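If you want the building blocks of each chain, they are given just below.
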There are 2 protein chains.
Amino acid sequence: MKADLGQIDSTTIQSQVYQRLREALFTGDLTPGESLTIRNLATVLGTSPMPVREALQRLVAERALVQMPNRTFRVTPFTPDMFRELMRVRMTVEGLAADQAARRMTATGLRKLTQLNAAMIRGIENSDPAQVMTANRNFHFTLYEIAEMPQLLDIINGLWLRAGPYLTNAHRKLVDPLPFFRAGTLFHERIITACQSQAPKAAATAMACDIWHSARRFRRDVDLINTPEPEPAPKRPRGRPKKSEKPT
Amino acid sequence: MKADLGQIDSTTIQSQVYQRLREALFTGDLTPGESLTIRNLATVLGTSPMPVREALQRLVAERALVQMPNRTFRVTPFTPDMFRELMRVRMTVEGLAADQAARRMTATGLRKLTQLNAAMIRGIENSDPAQVMTANRNFHFTLYEIAEMPQLLDIINGLWLRAGPYLTNAHRKLVDPLPFFRAGTLFHERIITACQSQAPKAAATAMACDIWHSARRFRRDVDLINTPEPEPAPKRPRGRPKKSEKPT
DNA sequence: ATTCGTGATCTGTGATCTCAATTTATTTTA
DNA sequence: TAAAATAAATTGAGATCACAGATCACGAAT
């Protein structure tokens, strides 16, 4: 029996929808303030409303989406306070992850992190911000996985999910992002060096500096950049149709 | 119009189910490893399966429940690694909350915290562990709310939700819990003093010590206490009924 | 005696429908 | 003319059903 029958995808539809929406949030395809409806998404994704509804509710529970008083779903708007808080919490939480990763670091882990930072540097040389940001994200999560703290990783995933739409949008609007990205790779090198030396506190400090550098860079821009994209006009808003819209 | 028509409860059924399950987890009515089914809970709570399903899935997303390979829901089992991790993360995260609360502390806040710690002391004098634990929880969350960091509070809520079933169970099994609880109130006094003195780092340290004291107290017991309660025999397990069970 | 196949049952998932709340525009009333 | 009432539409929530996967017991086949 040589035929490759392939794998059957037994992932539930709802978790596929959830992952699709997560990615859209990370990549900035969904922007803060943007409205989502169950039926529209179900149509776009080719499913019934149920799995969409459940995915949306999960994202609400994770605060990546909010539900308005009229019950519609929106991508969580971004405020200066929220920005400050997320960055402050990230410094502490991701600092802890870096500290614990340094305590558990292996040669394989160091090699991997070095490769990922090199990939980020290549993205800078290629003037390709998307490559840079993917490599940055991979660097961070590879490091945090080395810490082997699944509950903490879950918390960090939630923080990135919330900050994701804003940060993706903010990076896109940088006129010249390359010096900013270059500084990021230097912090990564500090983290790698600290891990190599089994210096957990230095790793945590370098991580906090990486995040702080980000926070400081975007601090003054948060009100301007945060302006939600103009809401695409809903095809047919709620309410009674106008006489002019009625078919003859 | 003098008649008091009362308020209409517009909370969705699903969020009522969710809150009910949360409370059951906190109070230990639901224990680690315990199995839950949608239809059974819906019958017990007098709802259709839908809101129960959505509440359960939210709790899975929050890792308070897990879904087994055969898709049934269970309260997340507790392991020594999970215990260590949760406590380590709590020291850091709740330390940050205490630090930020100290920076924002008001006279009203101090008074409130003092009263809550006094309530805890009264519970100790009354030899009433449930009163002690409620007061302890109220103390912590009042402090964290003063920090005015909603994202961080959300993270802490998630941590307590996961640790809740275990800690409730563990406290219940203490032969003489009073000295342990008394030490807790002393840490709370240190936190209050640090907040009064506008000493955020001292507040964070006292909080970490409070949690560390808990962690150390239960560290050796975690394997014994963690043993899941014997699963109540399901009324009618999956599979074909035995001949002996068939009606004549 | 062991293994395999079949049927019965439970379980969660997804589909579909109905309902209630919200929103908007038009019509009616004063 | 302004305010109130009515109508029409969207939206999520809840109910219900069907389905597929998992599990168990029993009978048939070897």
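Refer to the structure above for everything that follows.
Computed from a prediction, not measured in an experiment: that's the story for all the values here.

Draft legend 1. How the structure looks around the sheet that holds strand β3 (residues 73–75) of chain B. All names here are of chain B. Read from one edge of the open sheet, 3 strands run β1-β3-β2, paired in antiparallel fashion. Looking at which strands have only one partner, the edges of the open sheet turn out to be β1 (35–36) and β2 (65–67). Strand direction decides the pairing type here: β2 and β3, joined by 3 bridges, are antiparallel. Across the sheet, residue Gln 67 finds its bridge partner in β3, namely Phe 73.

Draft legend 2. Examining the packing of helix α1 (residues 13–27) of chain A against helix α3 (residues 49–61) of chain A more closely. All names here are of chain A. Two elements in contact, α1 and α3, have axes whose closest approach is 8 Å; the angle formed by their N-to-C orientations is 50 degrees. Considering the angle they form, α1 stands oblique to α3. When the axes of α1 and α3 are compared, the crossing they make is right-handed. Facing Ile 13, Gln 14, Val 17, Tyr 18, Leu 21, Arg 22 and Leu 25 of α1, the residues of α3 in contact are Pro 51, Val 52, Glu 54, Ala 55, Leu 56, Arg 58 and Leu 59.

Draft legend 3. Looking closely at the relation of the copies chain A and chain B. By a simple turn and slide, chain A fits onto chain B: the slide is 0.0 Å along the axis, the RMSD is 0.1 Å, and the turn is 180 degrees. The operation mapping one copy onto its partner corresponds to a two-fold rotation axis. Minimal C-alpha separation from the rotation axis in chain A is found for Arg 58 of chain A, amounting to 3.0 Å. Most of the interface of chain A is mirrored in chain B, where 100% of its interface residues are also at the interface.

Draft legend 4. Local environment of the sheet that holds strand β2 (residues 65–67) of chain A. Residues and elements named next belong to chain A. If you walk across this open sheet you meet the 3 strands as β1-β3-β2, and the pairing is antiparallel. Each having just a single partner strand, β1 (35–36) and β2 make up the two edges of the open sheet. Each of β1, β2 and β3 (73–75) is contacted by α3, which is oriented at about 100 degrees to β2, the strand it contacts most.

Rules and cut-offs
- Residues numbered from 1 in each chain as written.
- Chains lettered and ligands numbered in written order.
- Predicted model: local features only at pLDDT ≥ 70, side-chain atom pairs only at ≥ 80, totals over all residues.
- Heavy atoms only, no water.
- Pairing = 2+ DSSP bridges.
- Helix = DSSP H or I, 4+ residues; strand = E, 2+ residues; numbered from the N terminus.
- Axes fitted to C-alpha atoms, helices over the stretch in contact; angles between N-to-C directions.
- Parallel < 35°, antiparallel > 145°, perpendicular 65-115°, else oblique.
- Left-handed = near helix turned anticlockwise from the far one by under 90°.
- Contact = heavy atoms within 4.5 Å.
- Least-squares fit on C-alpha atoms with pLDDT ≥ 70 in both.

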